[in-house]
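Here is how the chains run, residue by residue.
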Number of protein chains: 2
Amino acid sequence: MSRRRARPLKVQPLESGGHLNIGIQMHDRIRSSALLERLMTAEQAASLIEPGMTVAMSGFTGAGYPKAVPQALAARMEQSAASGRGFKIKVLTGASTAPELDGALARVEGMELRLPYQSDPNVRERINAGTLNYIDIHLSHVAQHTWFGFFGDINVAVVEVAGILEDGRLIPSSSVGNNKTWLDQADKVILEVNRWQPAALEGMHDIYYGTALPPNRKPIPLTLPDQRIGEPYLRVDPDRIVAIVETDAPDRNSAFSPPDEASRQIAGHLLDFLGQEIRRGRLTDKLLPLQSGVGNIANAVLAGLSQGGYQGLTAYTEVIQDGMLELLKNGTLRMASATSFSLSPAGIEEFNAHVEFYSKRILLRPQEISNHPELIRRLGCIAMNGMIEADIYGNVNSTHIAGSRIMNGIGGSGDFARNGYLSVFMSPSIAKQGKISGIVPMASHVDHTEHDTMVVVTEQGLADLRGLAPKQRAKQIIEHCAHPDYRPLLQDYYDRAFRDSYGKHTPHLLNEALSWHQRFVETGTMMPG
Amino acid sequence: MSRRRARPLKVQPLESGGHLNIGIQMHDRIRSSALLERLMTAEQAASLIEPGMTVAMSGFTGAGYPKAVPQALAARMEQSAASGRGFKIKVLTGASTAPELDGALARVEGMELRLPYQSDPNVRERINAGTLNYIDIHLSHVAQHTWFGFFGDINVAVVEVAGILEDGRLIPSSSVGNNKTWLDQADKVILEVNRWQPAALEGMHDIYYGTALPPNRKPIPLTLPDQRIGEPYLRVDPDRIVAIVETDAPDRNSAFSPPDEASRQIAGHLLDFLGQEIRRGRLTDKLLPLQSGVGNIANAVLAGLSQGGYQGLTAYTEVIQDGMLELLKNGTLRMASATSFSLSPAGIEEFNAHVEFYSKRILLRPQEISNHPELIRRLGCIAMNGMIEADIYGNVNSTHIAGSRIMNGIGGSGDFARNGYLSVFMSPSIAKQGKISGIVPMASHVDHTEHDTMVVVTEQGLADLRGLAPKQRAKQIIEHCAHPDYRPLLQDYYDRAFRDSYGKHTPHLLNEALSWHQRFVETGTMMPG
């Protein structure tokens, strides 16, 4: 194999404790004097990036992304454009970042390619205008496809860390994402050392260095969500560190909005269902490790678990949200494994105020481990993800409006839905004051096939699709999940499709299957006039 | 968990050698005298199955299915229908079976539900008439969903074996499929002991008994395709064996047809591609374990590997076809792991004539192991599967004609495509004398999403989609894979979609996206008049 393998570092034993001592010292987060020599400004560091390069950056759900170099790079790109020279790069990340990275580079038209998951309005606008190429890829595939060489060489990595040890090892930041791979694979490494990140992050990470390329792969030894299988630090070949930039800047930290009524109803249906599964003996009251998407519905589900009296659960998921801190605090969760934080300012405050408590109950892993099919299947995760729409047969669209316009991306939903014990997709039954139905005759884009969807939930109810054939699924979804305004229209479509369809395994009227979306594009609503 | 666990048997030590001694003795395949007492006719055994029962049967790709009981059951069903009483059961298998099982039960309308993969014309006809419910499920999911209780109780298992040992353990037949799970989970077990099956099958199986339900799952220790991790025999609780039926009947054994010109061209493009990957240093000349679908194209690929001078390859796949025997013989393959045979009569003859040779080079495993995501990802399989159609963005339809009519099913293609090192989908660019294009504007059903398709091949050429965004993929697929008769139509669709689409990430014209399929349904051809 031609791809570079990480060269093992000669590791110095840690000093006792090994925790960062935040003092008045200037560069207290950089404890390697050799590396201190590579300190420079963000502008100097950004000048090491050239047009056409493939640049891998840290960042996952608005946490742990570089704050200074991308903005300095954007300024450079703008100057370059002003003097008539285009300057675009290819950008790989962990997942979504923030205005200082995605936003800054998009505004100066500085990206020719972006992968994987994104959620920035400026990026989205350019993707949907057709001027920015975006690859929407399973989060568990990014690291290995990089190692396989499928994205070509990684010229530069720009990675935020919380600190640098004496021996050159790195204290990871508030997300791990693909950082291990970026540091292993990039020709040159730029580090941003962000002193804003809590010093208490040190020790909360579990970086697994046992991955390999086939045919040399071994079983990943993790069998429990709270098991440590790696080390708390990232390794990097010091010879490849070309710049270190100091920052003191907060993560994106979106404010937390309390669950709305529809989200609470969705959570209620899901919790009823989990309760039934326990009574049937299919789950115990410890459930199985929870994976939960980000946002309002996910928060409502977490709150519902807490109110439902569950105790001692675990999470094996991607993101630690505010809701999870609360569940850890009241014992609903006994621990959470993830690859990133996504806390509100209040959540950060809570975390910092009780760092001792949380640091024993949270583990952050590389996203190739948090999302690994092997581990998700072994642990039997309960996968709970949002969606844009489901069709009456259970095909789920997580990414596109009207089949063509990207929202964010598939993220890790496919990793968990395919391999989990249960795959649940949730959405309000309508959006935009009823102009959009979350249940449609045919999904306008399919991210999760009929083969991968077990449960669909809206505020109207829950459809349990396990052990059902397509026509049985349609009955469940129309009756339990569709909004009353759209239900008769769906039933009418299904009845006519069953009567007239070419085949009656999955009845469809092809000249009508996407007509709801077309009507939305033409008139602004899926509802016939 | 309420599901039954396999009770460990008290296993007697095997006699030296332990091989079956085919003699003139009447019941020489049944060496347990206690079990001999449960010998009965197929009709007697079939009388133990009642209407409404869930019956799990052996069988995978026309191999190792029960030959006598299903036909006797069909006769019973027919009598029942004649006297005005409906008699339907739910049927679970490994994958496709044969006329004696699927055909017989379908002809008497004896199934209310069938899962997973099927390929019987009588079954297909009823599914598409809307009178038989069919669940198309990933082959790797069937066993665990049974254990999870998602299909309800398994009332009866009907499993073909090649013999019964003194201690009651079973010599598996020409396929393993889900038999371990059926024997573990069914309330009652009916065995068919088929003396037609080669005695040399004994010892060729590797039945893994280390599976468990979450949260008790452990890593599966397999790291090489030829590694044994289990035992050569199936276990069964003798108290649950309610009937043993002796048979002497051949497997389906479809004749082998030599690859046609289009298949050879497809294979040629794929072999050129693999050669390039080797030259780029991304693969070695040992490649990685091969998974190959069944049929003409797969056979052409295998033949091409042999002609290409490859030596010492491995297969980690579902089915051993004639082509694989040849590759084992000439050293192209050094071993093959699968869950089933699917040989022609000539292939059977070849196998029997050189049993010593083949039995050292072939391992048959349960399909939950042959198709396990953990193992496919670890081994880095090269997944090569046929398809019905791909759209210009790389979404693949493996199952439906015109979005509604089922052909066979997804089989294991999703298990391998999602988790393999490479996922390749292959089809001729046209079918039915050009009336159907294998490349369409939008797939009429999606079994493999854009996130899971790396390479598309037709006889026209190969599209390498790795590292490409949707619009870049469309260019590759239209230019390299579409048939010249359809290429300008696809380009025209794409150009207009790019101009007028609601979003330009995945440009589509929703009122036209499925019009090719609708035209085919209405006029019998996708080509405009």
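- Where an unreviewed UniProt entry is consulted, chain A appears under the name Succinyl-CoA:acetate CoA-transferase, with the organism given as Lysobacter spongiicola DSM 21749.
- On record in UniProt, under Sequence similarities (unreviewed entry), the comment for chain A is "Belongs to the acetyl-CoA hydrolase/transferase family."

**Re the overall build of chain A**
Next up, step 1: Scanning chain A from N- to C-terminus turns up 18 helices and 25 strands.
Next up, step 2: Relative to a compact globule of 529 residues, whose C-alpha radius of gyration would be 24 Å, chain A shows 24 Å and is just as compact.
Next up, step 3: Taking the principal axes of its C-alpha atoms as reference, chain A extends roughly 75 × 60 × 45 Å.
Next up, step 4: Of all 529 residues assigned to chain A, the portion counted as buried reaches 64%.
Next up, step 5: For chain A, the proportion of contacts with a sequence separation of at least 24, taken over those separated by at least 6, is 74%.
Next up, step 6: Entry remark: accessible area of chain A is about 17100 Å², with carbon and sulfur atoms responsible for 51%.
Next up, step 7: Chain A carries 52 positive and 57 negative side-chain charges, and their two centres are separated by 4 Å.

**As for the pairing of strand S12 (residues 333-338) of chain B**
The side chains of a regular strand alternate between the sheet's two faces.
All names here are of chain B.
Next up, step 1: Counting buried residues in S12 gives five out of six residues, a clear majority hidden from the surface.
Next up, step 2: Here four bridges tie strand S10 (residues 313-316) to S12, and the two strands are oriented parallel to one another. If you follow Ala315 over to S12, its bridge partner there is Ala336.
Next up, step 3: Pairing analysis gives three bridges linking S12 to strand S14 (residues 362-364), with the strands arranged parallel. From the neighbouring strand, Ala336 faces S14, where its bridge partner is Ile362.

**Here's the deal with the packing of aromatic side chains**
Next up, step 1: Using the criterion set out here, one finds 18 aromatic pairs over all chains in the structure.
Next up, step 2: An angle of 15° between the planes, with centres 6.3 Å apart, marks the rings of Tyr494 of chain A and Phe498 of chain A as stacked. Residue Tyr494 of chain A and its partner Phe498 of chain A are both found in helix H17 (residues 487-500); the two are separated by four residues, about one turn of the helix.
Next up, step 3: The exposure class assigned to Tyr494 of chain A is buried, which follows from its relative accessible area of 13%.
Next up, step 4: Each residue in the set Phe341, Phe351, Phe357 and Tyr358 of chain A is aromatic and connected to the rest through ring pairs, giving one cluster.
Next up, step 5: In this structure, Lys67 of chain B packs its charged tip against the face of Tyr65 of chain B, placed 4.1 Å from the ring centre.
Next up, step 6: Its end group placed over the ring of Phe150 of chain A, Arg466 of chain B keeps NZ or CZ at 4.4 Å from the ring centre.

**Regarding the environment of Gly467 of chain B**
Next up, step 1: Positionally, Gly467 of chain B belongs in the loop between strand S25 (461-464) and helix H16 (470-481).
Next up, step 2: Taking relative accessible area as the criterion, Gly467 of chain B reaches 25% and is therefore assigned partly exposed.
Next up, step 3: Counting along the chain gives 59 residues from Gly467 of chain B to Met526 of chain B, while the straight-line C-alpha distance between them is 31 Å.
Next up, step 4: Not counting chain neighbours up to four residues away, the residues in contact with Gly467 of chain B comprise Ile135, Phe150 and Phe151 of chain A together with Gln472 of chain B.

**A few points about the domain arrangement of chain A**
All names here are of chain A.
Next up, step 1: Looking at the assigned domains, one finds that chain A contains domain 1 (33-247) and domain 2 (261-523).
Next up, step 2: Computed from C-alpha atoms alone, the centre-to-centre distance between domain 1 and domain 2 is 29 Å.
Next up, step 3: Each partner contributes to the interface: domain 1 provides 47 residues, whereas domain 2 provides 47 residues.
Next up, step 4: Considering only the surface of domain 1 that becomes buried against domain 2, Met204, Ile220 and Pro225 emerge as the three largest contributors, covering 20% of it.
Next up, step 5: At the boundary of domain 1 with domain 2, the tally comes to two salt bridges.
Next up, step 6: The salt bridge partner of Asp226 is Arg334, with a shortest N-O separation of 2.8 Å.
Next up, step 7: Across the contact surface, domain 1 and domain 2 share 28 residue pairs in polar contact (both at pLDDT 80 or more).
Next up, step 8: For the side of domain 1 that touches domain 2, the secondary-structure elements that each account for two or more residues are helix H5 (121-129), helix H6 (139-148) and helix H7 (179-185).

**Structural notes on the relation of the copies chain B and chain A**
Next up, step 1: In screw terms, the move from chain B to chain A is a rotation of 180° and a rise of 0.0 Å along the axis, fitting with an RMSD of 0.0 Å. Both copies are brought into coincidence by an operation consistent with a two-fold rotation axis. No C-alpha of chain B lies nearer the rotation axis than that of Glu374 of chain B, which sits 2.2 Å from it.
Next up, step 2: A share of 100% of interface residues in chain B that are also interface residues in chain A marks the association as one of identical surfaces.

**Notes on the interface of chain B and chain A**
Next up, step 1: Contacts between the two partners involve 92 residues from chain B and, on the opposite side, 93 residues from chain A.
Next up, step 2: Buried area between chain B and chain A, summed over both chains or domains, comes out near 7700 Å², and the portion from carbon and sulfur atoms is 56%.
Next up, step 3: When the buried area of chain B at its contact with chain A is split by residue, Arg377, Arg418 and Tyr502 of chain B rank highest and sum to 12% of it.
Next up, step 4: Counting every contact that joins chain B to chain A gives two salt bridges.
Next up, step 5: When the shortest N-O distance is used, the salt bridge between Arg378 of chain B and Glu374 of chain A registers 3.0 Å.
Next up, step 6: Inspection of the region where chain B meets chain A yields 36 residue pairs in polar contact (both at pLDDT 80 or more).
Next up, step 7: Among the residues making up the side of chain B that touches chain A, the classes are represented as 38 nonpolar, 35 polar and 19 charged.

**Some remarks on the nonpolar core**
Next up, step 1: If you look at the biggest cluster of nonpolar residues, it comprises 85 residues, and the most contacted ones within it are Leu191, Leu274 and Leu305 of chain A.
Next up, step 2: With six residues, helix H8 (residues 261-279) of chain A is the single largest residue contributor to this core.
Next up, step 3: Aside from chain neighbours lying at most four places away, what touches Leu305 of chain A is Leu271, Leu274, Leu287, Leu290, Tyr310, Leu313 and Thr332 of chain A.
Next up, step 4: Of all hydrophobic cores here, the second largest spans 84 residues; its members include Ile154, Val193, Phe341 and Phe351 of chain B.

**Regarding the sheet that holds strand S23 (residues 439-440) of chain A**
Residue and element names in this part refer to chain A.
Next up, step 1: In spatial order, the strands read S17-S16-S23; together these three strands make up an open sheet with mixed pairing. Single-partner strands in this sheet number two, and they are strand S17 (396-397) and S23.
Next up, step 2: The pairing of strand S16 (residues 389-391) with S23 spans two bridges and is parallel. Counterpart to Ala390 in the pairing with S23 is Ile439.

**As for the UniProt feature "binding site: CoA" (unreviewed entry) in chain A**
Residues and elements named next belong to chain A.
Next up, step 1: Listed under "binding site: CoA" (unreviewed entry) in the UniProt record, and renumbered for this structure, are Ile388, Asn408, Gly412 and Lys432. Their sequence span is 45 residues, while the largest C-alpha to C-alpha distance among them is 25.8 Å; these annotated residues do not converge on one region.
Next up, step 2: With respect to the secondary-structure elements, Gly412 resides in the loop between strand S19 (405-406) and helix H15 (413-419).
Next up, step 3: Leaving out residues up to four positions away in the same chain, Gly412 has contacts with Leu139, Glu318 and Asn371.
Next up, step 4: Tracing the backbone through its elements, the reader meets Lys432 in the loop between strand S21 (430-431) and strand S22 (436-437).
Next up, step 5: Using a relative accessible area of 51% as the deciding quantity, one classes Lys432 as exposed.

**A closer look at helix H16 (residues 470-481) of chain A**
All names here are of chain A.
Next up, step 1: Compared with the 16 Å implied by 1.5 Å per residue over twelve residues, the 15 Å span of H16 between its first and last C-alpha is a close match.
Next up, step 2: Along H16, the positions that sit buried rather than exposed are Pro470, Lys471, Arg473, Ala474, Ile477, Ile478 and Cys481. What you see down the axis of H16 is that its buried residues fit within an arc of 150°, all on one side.

**Quick notes on the pairing of strand S7 (residues 188-194) of chain B**
All names here are of chain B.
Next up, step 1: The buried count for S7 comes to six of seven residues, which makes it a mostly enclosed element.
Next up, step 2: Where S7 meets strand S8 (residues 241-247), six bridges bridge the pair, whose relative direction is parallel. Its bridge partner being in S8, Val193 is matched across the sheet by Glu246.

Reading the values: the criteria
Residues numbered from 1 in each chain as written. Chains lettered and ligands numbered in written order. Predicted model: local features only at pLDDT ≥ 70, side-chain atom pairs only at ≥ 80, totals over all residues. Heavy atoms only, no water. UniProt positions renumbered as here; feature names shortened; annotations may be inferred. Helix = DSSP H or I, 4+ residues; strand = E, 2+ residues; numbered from the N terminus. Rg over C-alpha atoms; globule rule 2.2 N^0.38 Å. Buried < 20%, exposed > 50% of the residue type's maximum accessible area, 1.4 Å probe, protein only. Contact = heavy atoms within 4.5 Å. Areas by Shrake-Rupley, 256 points an atom, 1.4 Å probe, with all protein chains shown as cover. Lys, Arg positive; Asp, Glu negative; His and termini not counted. Charge placed at Lys NZ, Arg CZ, Asp CG, Glu CD. Pairing = 2+ DSSP bridges. Phe/Tyr/Trp six-rings, centres within 6.5 Å; stacked < 30°, edge-to-face > 60°. Lys NZ or Arg CZ within 6 Å of the ring centre and 35° of its normal. Domains from an automatic or database assignment. Buried area = accessible area lost by both parts, 1.4 Å probe. Salt bridge = Lys/Arg side-chain N within 4 Å of Asp/Glu carboxyl O. Polar contact = N/O pair within 3.5 Å; in protein donor to acceptor, adjacent residues only side chain to side chain. Least-squares fit on C-alpha atoms with pLDDT ≥ 70 in both. Nonpolar A, V, L, I, M, F, W, Y, C, P; charged D, E, K, R; others polar. Core = buried A, V, L, I, M, F, W, Y, C linked by side-chain atoms within 4.5 Å. Expected span 1.5 Å × (residues − 1). Arc of directions from axis to C-beta.

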